[in-house]
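Structure at a glance
In case you want the letters, here they are:
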Amino acid sequence: MTMNSDALVCVAGWEERFAAGLKLDVDRFHPAEIVMIVFQEFKEETQANRLAVVSYAAENGIVCRELSVRREPREVWDTLRSDFTNSAWFQKRVVLDISTMPREVIWWSLSFLLEAGCELRYVYHRPQSYSSEWLTRDTARPRLVYQHSGIAKLGKPTALLLLNGFDTERAEQMIQFFEPRLLLVGLQHGKQFGNEERNLKRGERFGELIRNIKTFEIDAYSTDHGFSAIVEQVKPLLPDYNIIAASLGPKTSAIAMFRVITEFPEVALAYAPSRQFNIGYSSGIGDSIEGLVEARLLDREVQN
Amino acid sequence: MSTYKNPFEYEQATTLSLDFVNTVFIEDYNFTRFIQSTRNVFLVGERGSGKSMTLLYNSLAVRRLKDIDASDLSFVGIYVPCNTALTHKREYELFEDIGFRQVVSEHFMVLGIAHAIAEGLASLPDTYGLASNAGLAEELTYLLGANLLGGVQPLTALMLFLDREASKSQRSLNSLQHEEFRLSAFTFSSLIQPLISSIRRVEKFKLSHFLLLIDDAHDLNPYQKQTLNSWLAYRDRSSFSFKIAVADSQTYSYKTISGGTILEGHDFLTVDLQKPFQNASSDFGKMAKGIIEKRLVTIGVQATAEEFFPGSVDFEREIERCREATRADALVRYPNPEDAKKRTDYVYKYGRVRYFRERASKANLPPYSGFDTITHVSTGVIRNLLMPCYWMYDAMISGADHASEKSIRVIPSNIQSEVIIERSEKLWEWLEHHLVSSLDNCTLEDSQHLFNLFSRLGDLFRHRLLNANAEPRAIAFSISGMTKDHDKTLRPLLNIGRRAQLLYFRSGPAKDEGRRETYYVPNRMLWPIRGLDVVGQHARVSLKAADVWNAALGDTFPNVAPDENVQGVLFDDEQ
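Residues numbered from 1 in each chain as written. Chains lettered and ligands numbered in written order. Predicted model: local features only at pLDDT ≥ 70, side-chain atom pairs only at ≥ 80, totals over all residues.

Notes on the overall build of chain B
The secondary structure content of chain B amounts to 21 helices and 10 strands. The C-alpha radius of gyration computed for chain B amounts to 27 Å, which stays within 12% of the reference 25 Å derived for 575 residues, consistent with globular compactness. Principal axes of the C-alpha set define a box for chain B whose edges measure 85 × 60 × 50 Å. Across the 575 residues of chain B, 44% fall into the buried class. By sequence separation, contacts in chain B at least 24 residues apart represent 76% of the contacts at least 6 residues apart. (Helix = DSSP H or I, 4+ residues; strand = E, 2+ residues; numbered from the N terminus. Rg over C-alpha atoms; globule rule 2.2 N^0.38 Å. Buried ≥ 20, exposed ≤ 12 C-beta atoms within 10 Å, placed from the backbone. Contact = placed C-beta atoms within 7 Å.)

Structure representation (structure tokens):
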């Protein structure tokens, strides 16, 4: 089934699934415009895919606009804010392709576009496979996300909530950096991509850093992307802890996490960007997952 | 995950119960006399060196557990952690106005301090004259312009007020409403000073000096650090002073808001928690023994550290045999009666070396056991001391049936050795495969360079242990011939090693009279798997910067004549 939309927002990537996914997006959502956020640091790596997208967009009579930005949080935030708060976005039908979108960009795009009254859909194209080698490395210091840094209670200890997929090396840094009193780890349910073995190894390593660990299962590929499972864990902890949450696993869990912080603005979002990516990070394109972002979530935040 | 109580828990101090801190902490008068004073003090020490424990132990909350006399309120310690969700907020960066950034940063910091003061004092019983003090409630209401909640004790009402303010200002900031924020922001002089003054007007606190124990100040944002430094410059220290724990005094900025710099000796003192020496008679050796024995008491074991962690009998017998043989050599070399010191030095240098040289051809590793070995493996860091003990105890528990868990009275030397070698292996594995992802701002190249460097240092130290005449057991090094180029390449690498706690920086006397130099001690846990003697000796190898950098790139160290590359510095306090 196809539908019409006013704009499609994505972040240019070098993976096969980026260009292939954008073609699927064009065919499925018929956007009038594609807004492609381009990180200057990866311009060369993404060039071939960008050309392919521009060419396919042109073939379909779609305007393709690039938002070029350095991968510095303040600059990205400024750029997104300045663009998405423009009145041209007011009440538009927008699709976010989050496949190659960093989490900070997902969260800021969601909040700015919801604030603009947009009807928001998201789409995520899974790869066919991930590299068996390293995925990302050279991680910068973890940080709380601008405007989503929670409402900290004075004198309360930190609980760190990590939603882990298999790109989880950043988790260790998060633990060392925030030194939480409690670590909550949401493990991706299922055996795909060797999850079970990876989860076991990870558990051993985390145990060296912190004793107070609680694990629970989430399914980031279910309809709520693990939202209910996260809420079940988070809610009882709210009176006694300041919760810092990070989505390090399946990208769709970032959507669930956004729902969590809009329901519970006390929860802070953390992010630890990697500065090196394996160029063979993934190959091919697999299933696609899409959904609608409920606008009521933001209303709640504004009321607070 | 097991749920038994391991007495050697080495998690960060803030996760431990106050009762546990009170029970196991070993008070060091060298530190306490500065903390329980009106001076501003920086406590410097790497992760795991005991900064948080020291501050927590001096906090009112822990000292109360010691049943201090109710009238002993001359020093009131308030523990203020900085690694908090509030401190990590960075919305201030979204505002161009530097003045506003300072306002925001100070506001959150003083809310945290005020809350810590109120929380610390609110837990005191009514006999201290705070809980039902209507005058205090009225005064706080007046001074802070706060509408404090009635029906609860004044300090609880203050905490609720502070929480409300914190919540309100975070919401304003998250939604970028800075005007509202600017109007309601607190400062040190509008919140902390009046609060302390009000408390000091209560009879029992009128002579109290507040020790503001600021932990992990390196986690504060740059504006908060400047603000804190500015407070240190206050001349009047009659009612409060700061004791500030930082991981590294070299990278911590001492600048103030006005652009000046606070000065050591004038504005503050520095207490260094880093311990360069680990032998039994050193300060650290004594402290390590005290720490272990206090922890043993928590599981009902009255044994000494040496009894609980006995060394391998075979190893000790072999070492003694080698010492005897070396003593015989020494007598031949230095037969004159007045050469007794030379003979002692000779045995000290070569006694243990003989053991390692004689067994060099054997494939297996020597046993690593005994409390003295564990203390040396720690490289002078308390967490490194507790860590192998924790896993040794864990190994005993996992190998025991439930009924015998409570009867662990000794860790056999073979278990100790297995654990030390396993931890050593894990450390190398971490260095080779996981450092890059475990440490921020560490590239793949950096981690490979560090792996190469430690690997080559291991080769060098082993070569020296088996072949060198001068200072063969040296496992520390200094660097000569640093150029500007090396400053750009080698120094950042050494700093990554330091942040990863693979390399410790120490300061010691240089060859030039009166001068001091930085020397480097690799984490001694690296060496068991390489078959080195973790006890080391009181000497350091002087390496050329170019050779160190080449080693980082993968080259071996050149075979220079031992006398040229060893600086045999014997430290008086270790002899």
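From this point on, the discussion continues.
Remarks on the overall build of chain A
When helices and strands are counted, chain A shows 9 helices and 16 strands. For chain A, contacts bridging at least 24 residues in sequence account for 84% of all contacts bridging at least 6.

Focus on the pairing of strand β4 (residues 93–97) of chain A
With 4 of 5 residues buried, β4 of chain A is to be regarded as a mostly interior element. Handedness of the crossover joining β4 of chain A and strand β5 (residues 119–125) of chain A through helix α4 (residues 103–115) of chain A is recorded here as right-handed. (Right-handed = clockwise from strand over helix to strand, strands pointing away.)

Focus: the packing of helix α19 (residues 484–499) of chain B against helix α20 (residues 545–552) of chain B
For any two helices packed against each other, one specifies the inter-axial angle together with the distance between the axes. All names here are of chain B. The N-to-C vectors of α19 and α20 enclose an angle of 60°; their axes lie 11 Å apart at closest approach. Considering the angle they form, α19 stands oblique to α20. The crossing of α19 and α20 is left-handed. Facing H486, T489, L490 and L493 of α19, the residues of α20 in contact are A545, V548, W549 and A552. Across the contact of α19 with α20, the residue classes break down as 6 nonpolar, 2 polar and no charged. (Axes fitted to C-alpha atoms, helices over the stretch in contact; angles between N-to-C directions. Parallel < 35°, antiparallel > 145°, perpendicular 65-115°, else oblique. Left-handed = near helix turned anticlockwise from the far one by under 90°. Nonpolar A, V, L, I, M, F, W, Y, C, P; charged D, E, K, R; others polar.)

Describing the environment of L331 of chain B
Among the structural elements, L331 of chain B can be located in helix α13 (residues 313–333). Separated by 15 residues in sequence, L331 of chain B and Y346 of chain B have C-alpha atoms that sit 9.8 Å apart.

As for the pairing of strand β1 (residues 41–44) of chain B
All names here are of chain B. Side chains of β1 alternate between two faces, with V41 and L43 and F42 and V44 buried alike. Sheet topology note: the β1/strand β5 (residues 269–272) ladder contains 4 bridges and is parallel. Residue pairing for β5: L43 is matched across the bridge by V271. Summarising the sheet, β1 and strand β4 (residues 240–246) pair through 4 bridges and their orientation is parallel. Note that in β4 the partner of L43 across the bridge is A245. (Pairing = 2+ DSSP bridges.)

Let's talk about α13 of chain B
Residues and elements named next belong to chain B. Along its 21 residues, α13 runs 30 Å from first to last C-alpha, staying within 8% of the 30 Å computed at 1.5 Å per residue. Those residues of α13 not exposed but buried are C322, T326 and A330. Within α13, the buried residues cover an arc of 85° as seen down the axis, which keeps them to one side. The outward face of α13, more than 90 degrees from its buried face, is lined by the exposed residues V313, D314, R317, E320, A328, L331 and V332. Residues of α13 that are buried in the fold lie against α14 (340–358). (Expected span 1.5 Å × (residues − 1). Arc of directions from axis to C-beta.)

What to know about the domain arrangement of chain B
Each assigned domain of chain B is listed here: domain 1 (28–272) and domain 2 (439–575). Spacing between the C-alpha centres of domain 1 of chain B and domain 2 of chain B amounts to 40 Å. (Domains from an automatic or database assignment.)

Topic: helix α16 (residues 382–398) of chain B
Over its 17 residues, α16 of chain B extends 24 Å from the first C-alpha to the last, a length consistent with the 24 Å expected when each residue adds 1.5 Å. Contacts from the buried residues of α16 of chain B go to α11 (283–297), α15 (371–377) and α17 (413–438) of chain B.

Here we look at the domain arrangement of chain A
Reports of interface size often rely on the accessible area that becomes lost once the parts have come together. All names here are of chain A. Per the domain assignment, the segments of chain A are domain 1 (5–130 + 282–303) and domain 2 (138–277). Counting residues at the interface gives 20 residues for domain 1 and 20 residues for domain 2. Within the residue set of the side of domain 1 that touches domain 2, elements represented by two or more residues are α3 (73–84), α4, β5, β16 (288–293) and α9 (296–303). With 6 residues, α4 is the largest single contributor of residues to the side of domain 1 that touches domain 2. Split into classes, the residues belonging to the side of domain 1 that touches domain 2 amount to 13 nonpolar, 3 polar and 4 charged.

Section: the environment of A551 of chain B
All names here are of chain B. Position of A551 among the secondary structure elements: in helix α20. Residue A551 is classed as buried on the basis of its 22 C-beta neighbours within 10 Å. Taking the C-alpha atoms as reference, A551 lies 17 Å from R540; in sequence the two are 11 residues apart. Ignoring anything within four residues of it in the chain, the contact list for A551 reads N452, L453, R456, L457 and F557.

A few points about the interface of chain B and chain A
The interface is formed by 34 residues belonging to chain B together with 33 residues belonging to chain A. Counting residues per element, the ones that place at least two in the side of chain B that touches chain A are α5 (98–122), α7 (154–174) and α17 of chain B. The element best represented in the side of chain B that touches chain A is α7 of chain B, accounting for 7 residues.

Some words on the environment of I411 of chain B
Residues and elements named next belong to chain B. Relative to the assigned elements, I411 resides in the loop between α16 and α17. With 42 residues separating them in the primary sequence, I411 and S369 have C-alpha atoms 9.6 Å apart. Here I411 is in contact with F308, F309, M392, Y393, M396 and Q416, once residues within four sequence places are set aside.

Regarding the nonpolar core
Of all hydrophobic cores here, the largest spans 165 residues; its most connected members are A245 of chain A together with I78 of chain B. Sequence-distant contacts of I78 of chain B, that is, excluding residues within four places in its chain, are made with S59, L60, A116, I117, G120, F210, L211, L212 and L213 of chain B. (Core = buried A, V, L, I, M, F, W, Y, C linked by C-beta atoms within 7 Å.)

What about the packing of α13 of chain B against α14 of chain B?
Residue and element names in this part refer to chain B. With their axes 8 Å apart at the nearest point, α13 and α14 run at an angle of 135° to one another. Accordingly, the angle class assigned to the pair α13 and α14 is oblique. In this structure, the crossing between α13 and α14 has a hand that is right-handed. Two secondary-structure elements touch here, α13 through E318, I319, C322, R323, A325, T326, R327, A330, L331 and R333 and α14 through R343, Y346, V347, Y350, G351, R352, R354 and Y355. Tallied by class, residues from the contact of α13 with α14 come to 9 nonpolar, 2 polar and 7 charged.

Here's the deal with the sheet that holds strand β10 (residues 182–188) of chain A
Residues and elements named next belong to chain A. Strand order in the open sheet formed by 6 strands is β8-β13-β12-β9-β10-β11, and the pairing between neighbours is mixed. Strands with a single pairing partner mark the edges of an open sheet, and in this sheet they are β8 (143–144) and β11 (213–218). The strands that helix α7 (residues 227–234) touches are β9 (158–164), β10, β11 and β12 (242–247); relative to β11, the one it contacts most, it runs at about 155°.

Here's the deal with unusual backbone geometry
Even without being glycine, Q147 of chain A reaches a positive phi, approximately 70°. Residue position: Q147 of chain A is located in the loop between β8 and β9. The residue L176 of chain B is not glycine, and still its phi comes out positive at about 60°. Among the secondary structure elements, L176 of chain B is positioned in the loop between α7 and α8 (178–184). Assessed through the 13 C-beta atoms surrounding it within 10 Å, L176 of chain B is described here as partly exposed.

Thoughts on the sheet that holds β16 of chain A
Neighbouring strands of a sheet are bound in pairs by backbone hydrogen bonds; such pairs are parallel or else antiparallel. Residues and elements named next belong to chain A. In spatial order, the strands read β3-β2-β1-β4-β5-β16; together these 6 strands make up an open sheet with mixed pairing. Because the sheet does not close on itself, it has two edges, and the strands there are β3 (63–69) and β16. Averaged over all adjacent pairs, the angle separating strand axes in this sheet is 20°, with direction ignored. Pairing geometry for strand β1 (residues 5–11) and strand β2 (residues 31–39), over 6 bridges, is parallel. Note on β2: the bridge partner recorded for S5 is P31.

Thoughts on the confidence of the model for chain B
Residues and elements named next belong to chain B. Mean pLDDT over chain B stands at 87; residues scoring 70 or higher make up 92%. Taken as a whole, residues 560–575 scores under 50 in pLDDT and shows 37 contacts with residues more than four places along the chain or in a different chain. Prediction confidence for the complex, expressed as pTM and ipTM, is 0.87 and 0.89 respectively. (pLDDT = per-residue confidence, 0-100.)

A short note on the confidence of the model for chain A
Looking at chain A as a whole, its pLDDT mean stands at 86, while 85% of the residues score no less than 70. Low pLDDT (under 50) marks residues 297–304 of chain A, which in the prediction has 11 contacts with non-local residues, meaning those over four places away or in another chain.

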